[in-house]
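Each chain, written out:
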Amino acid sequence: MSLKYSHIKCSKCGHELGTSEQACPKCGGPVQKVCGSCGFLSAVDKKYCDSCGTMLEFRPSVGPSISGRTVVFESIGDTVNSRSFTLPEVAPKAAPGPGPEQPRSGPASKEGEAPPSQGPRPSGPDEKTPASPSPRASGRSQKPAPASKRSSAKKLSIFSPKMLVFYLLLAVALVGLASLFLAPHIPRIKLLLTARRYLSALSGGDYDAAYKFLSASSRESCPFEDYVRNNREYDTRVGGWEFDAPEIFMHEERAAVIKYRLKEGTGTWKDDYISFVAEKGGWARPYIWNFFGPIDEAIEKGEFAQALSLARRLAETDPVDPRTSGYLCSAQFFMKKYEQAAVSCARTVEASRFYPVGFSPDEVFWYMFYHADSLRFLGRFREALDIYGALLVKKELTPKEQCPLHMGRADAFVRLGDHAAGKDAAETAQLYCLGGIDAVEAEKRLRFITGKALTEAVAYLKNSRPRDGGPTLEQARAAELSLMRARGIRLLPRDTWLAEHAGGPEYRVMMREELPAGRGRRPQIKNLHVFKVNLWTGAVTAEQPPPMEMK
């Protein structure tokens, strides 16, 4: 097969050049070398075609120059080969000048010269069509191969500018997809990393590094020296500790809880929990140990306002730890802020179920009791009874726990009008309220509901005042008798206070007036006032007096 020479062509005006020039002499446009085998355009200085691999052999013109241009003459064989599809190919003469040594290929050339090899060529449509005209080395234009065939034969370099742009766009797309997939998980990943780094620093005794993980409010309320002292005391007490397997136990937008395995000294592994709060796009450790002592001390002294103030600061520092709401529950309950206490106590009990750290069963009992009692004082008796009932079966109760529990149940039953159940609960309470004010209160309540408090009912009515204030009923009657005496009435009436049991803790109390006998007049007795008194609730209501009795 003969060597198909390449030729040079202006990429702007299409003018074919006979010499290797850097610019078109006609229009000044850039020139390119056209592959004689496949028509692929390459740079002038290229030696091999990027598409088919053929050596880009260029045969310069040797003919006479016309008007400063070189005329390229083609041989008879090239002319015939370029215009015929039936005649065999005739190898062109070798170009002048030295060339690489090539093996003989195809029919022998004249004078025994071997035509230069075209080099390895990839199989393609051009090679499978023997009738295709071969490109000529003359200056005539060649019809380019179809786009689909030419593109399929191209070899695209993986490091070409186009491929680098493609790689860049692909990388951007992958990063975008990854960010969309990972975006919801990034806060959780940050949380786990922060927890592990904090626990590692703390367990390793690197308190300076651990302190930097504290939230801003924690560092403000707990100086570094106090933080180090508290942790060293703990390490000394347990003999060092280690952790393992941290995992997310609870995750919210602003707060989270990490569960991990803890081993203190030579003890066994157990579950422990630690809370974190969101801060400045990351997570920080709320440290609240420095609040516990002052709050406990304030509650023991009865300084509930101080305890509540400290508990609120603790809640601002760590809103997740159930000990925070626990202190709020206690302080609010003792300050009789029952609306707030009901919420705080309920939150404490609920949190203690999924965050079982910091509370003993006894402490959980009292938080539940404060919750029930708060509901009872708010008039939500059915809800209170449900919690009281749950406490009865929760654990083995001590007399100290049984006494207020049954007293609360008795009160809720009575206020709901179930006097029989209230009486049973009061009798049970008396069994456990063994000393002090508890025993006195239990005995009194049982006397109220069993109808044995007639004297207490009369005394309660005498000392009752109208809702709008003023003197007691006894004081008002004394003033009335004094006025009668001032008017000169000699025979003043005599008053008698009587009471009878009306059922449950309710009593009917009457103020009876007796007028002494006079001239031709028999003694007269009538009930001036009749009231129903509920000694349990302290309610007093007036009734219509019964008919006057005569003696």
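Residues numbered from 1 in each chain as written. Predicted model: local features only at pLDDT ≥ 70, side-chain atom pairs only at ≥ 80, totals over all residues. Heavy atoms only, no water.

## What to know about the overall build of the protein chain
Assigned secondary structure in the protein chain consists of 18 helices and 15 strands. When burial is assessed residue by residue, the protein chain has 39% of its 551 residues classed as buried. Considering only residue pairs separated by 6 or more positions, the protein chain has 51% of its internal contacts joining residues 24 or more positions apart. Total accessible area computed for the protein chain in this model is approximately 31,600 Å², and 55% of it derives from carbon and sulfur atoms. (Helix = DSSP H or I, 4+ residues; strand = E, 2+ residues; numbered from the N terminus. Buried < 20%, exposed > 50% of the residue type's maximum accessible area, 1.4 Å probe, protein only. Contact = heavy atoms within 4.5 Å. Areas by Shrake-Rupley, 256 points an atom, 1.4 Å probe, with all protein chains shown as cover.)

## Section: the pairing of strand 12 (residues 506-515)
Here strand 12 lies mainly inside the structure; seven of its ten residues are buried. Pairing geometry for strand 11 (residues 494-503) and strand 12, over nine bridges, is antiparallel. Paired with Trp 497 across the strands is Met 511, a residue of strand 12. Hairpin connection, strand 11 to strand 12: the antiparallel pair is bridged by two residues, and Gly 504 has positive phi, about 60 degrees. Where strand 12 meets strand 13 (residues 524-534), ten bridges bridge the pair, whose relative direction is antiparallel. Note that in strand 13 the partner of Tyr 507 across the bridge is Val 533. (Pairing = 2+ DSSP bridges.)

## A short note on the sheet that holds strand 2 (residues 16-17)
Reading across from one edge, 2-1-3-4 is the order of the four strands in this open sheet, with antiparallel pairing throughout. The outermost strands of the open sheet, each flanked by one partner alone, are strand 2 and strand 4 (41-42). For strand 1 (residues 7-10) and strand 2, the ladder comprises two bridges, and the chain directions are antiparallel. By the bridge assignment, Ile 8 is partnered in strand 2 with Leu 17.

## Some points on the nonpolar core
General note: in soluble globular proteins, nonpolar side chains tend to be found buried as a group. Of all hydrophobic cores here, the largest spans 47 residues; its most connected members are Tyr 370, Tyr 388, Leu 391, Leu 461, Leu 535 and Trp 536. In contact with Tyr 370, other than residues within four places in its own chain, are Cys 329, Ser 330, Phe 333, Phe 334 and Cys 345. Formed by 26 residues, the second largest nonpolar core is a distinct cluster that contains Ala 210, Phe 243, Ile 258 and Leu 262. (Core = buried A, V, L, I, M, F, W, Y, C linked by side-chain atoms within 4.5 Å.)

## Quick look at a nonpolar patch on the surface
Residues Ile 158, Leu 164, Phe 166, Tyr 167, Leu 170 and Leu 174 make up a contiguous nonpolar surface patch of about 560 Å² in total accessible area. Note that Ile 158 resides in the loop between helix 2 (147-153) and helix 3 (161-182). (Patch = residues over 30% accessible without salt bridge, like charges linked within 9 Å, V, L, I, M, F, W, Y side chains within 5 Å. Salt bridge = Lys/Arg side-chain N within 4 Å of Asp/Glu carboxyl O.)

## Topic: the packing of aromatic side chains
Applying the stated criterion across every chain yields a total of 21 aromatic pairs. With a centroid separation of 4.6 Å and an interplanar angle of 20 degrees, the aromatic rings of Phe 333 and Tyr 370 are classed as stacked. Taken together, the residues span a long stretch of sequence, with Phe 333 in helix 10 (residues 322-334) and Tyr 370 in helix 12 (residues 361-377) at a distance of 37 residues. Residue classification places Phe 333 among the buried positions, given a relative accessible area of 10%. (Phe/Tyr/Trp six-rings, centres within 6.5 Å; stacked < 30°, edge-to-face > 60°.)

## Quick word on the pattern of salt bridges
Inspection of every chain in the model, using the stated rule, returns 25 salt bridges. With a shortest N-O distance of 2.7 Å, Glu 427 and Lys 423 are connected by a salt bridge. Note that Glu 427 and Lys 423 are positioned in helix 15 (residues 419-432) at a spacing of four residues, about one turn of the helix. Residue Glu 427 is classed as partly exposed on the basis of its relative accessible area, which comes to 32%. Note that Glu 441 is salt-bridged to Lys 444, the shortest N-O span being 3.3 Å. Of the two residues, Glu 441 and Lys 444 are both situated in helix 16 (residues 436-449); the distance of three residues between them amounts to about one turn of the helix. Lys 444 sits in the partly exposed class, given a relative accessible area of 29%. Through salt bridges with shared partners, a single network forms among Arg 477, Glu 480, Asp 495, Glu 513 and Lys 526.

## A look at unusual backbone geometry
Across residues other than glycine, the phi torsion is negative in most instances, and most of the peptide bonds are trans. Even without a glycine there, the phi angle at Ala 245 is positive, about 55 degrees. Its location among the elements puts Ala 245 in strand 7 (residues 241-251). Looking at Ala 245, the relative accessible area reads 38%, which means it is partly exposed. The residue Lys 336 is not glycine, and still its phi comes out positive at about 60 degrees. Assignment of secondary structure puts Lys 336 in the loop between helix 10 and helix 11 (338-354).

## Considerations on helix 13 (residues 381-392)
Between its first and last C-alpha, helix 13 extends 16 Å over twelve residues, near the 16 Å set by a 1.5 Å rise per residue. Buried within helix 13 are the following residues: Phe 381, Ala 384, Leu 385, Ile 387, Tyr 388 and Leu 391. End-on, the buried residues of helix 13 take up no more than an arc of 165 degrees, which puts them together on one face. In helix 13, those exposed residues whose orientation departs by more than 90 degrees from the buried face are Arg 382 and Asp 386. Buried residues along helix 13 sit against helix 12 and helix 14 (399-415). (Expected span 1.5 Å × (residues − 1). Arc of directions from axis to C-beta.)

## Description of the side chain of His 406
Tracing the chain through its elements places His 406 in helix 14. Of note is the side chain of His 406, whose polar atom sits 2.8 Å from the side chain of Gln 402. Those residues in contact with His 406 that sit more than four places away from it in its chain are Leu 392, Ala 425, Thr 428, Ala 429 and Tyr 432. (Polar contact = N/O pair within 3.5 Å; in protein donor to acceptor, adjacent residues only side chain to side chain.)

## Here's the deal with the sheet that holds strand 9 (residues 270-279)
Strand order in the open sheet made by the four strands is 7-8-9-10, with antiparallel pairing throughout. Strand pairing shows two members of the sheet lacking a second neighbour, strand 7 and strand 10 (282-284), which therefore form its edges. For this sheet, the mean angle separating the axes of adjacent strands, direction not counted, is 40 degrees. Relative to strand 9, strand 8 (residues 255-264) is paired through eight bridges, and the arrangement is antiparallel. (Axes fitted to C-alpha atoms, helices over the stretch in contact; angles between N-to-C directions.)

## Description of the confidence of the model for the protein chain
Model confidence for the protein chain is summarised by a mean pLDDT of 79, while 76% of its residues fall at 70 or above. Per-residue pLDDT stays below 50 along residues 61-142; that stretch engages in 115 contacts with residues further than four places along the chain or on separate chains. (pLDDT = per-residue confidence, 0-100.)

## Comments concerning the side chain of Arg 445
With respect to the secondary-structure elements, Arg 445 resides in helix 16. Take Arg 445: its relative accessible area is 17%, and that puts it in the buried class. Within the local environment of Arg 445, its side chain forms a polar contact with the side chain of Glu 441, the two groups lying 2.8 Å apart. Not counting residues up to four positions away in its chain, the partners in contact with Arg 445 are Met 407 and Trp 536.

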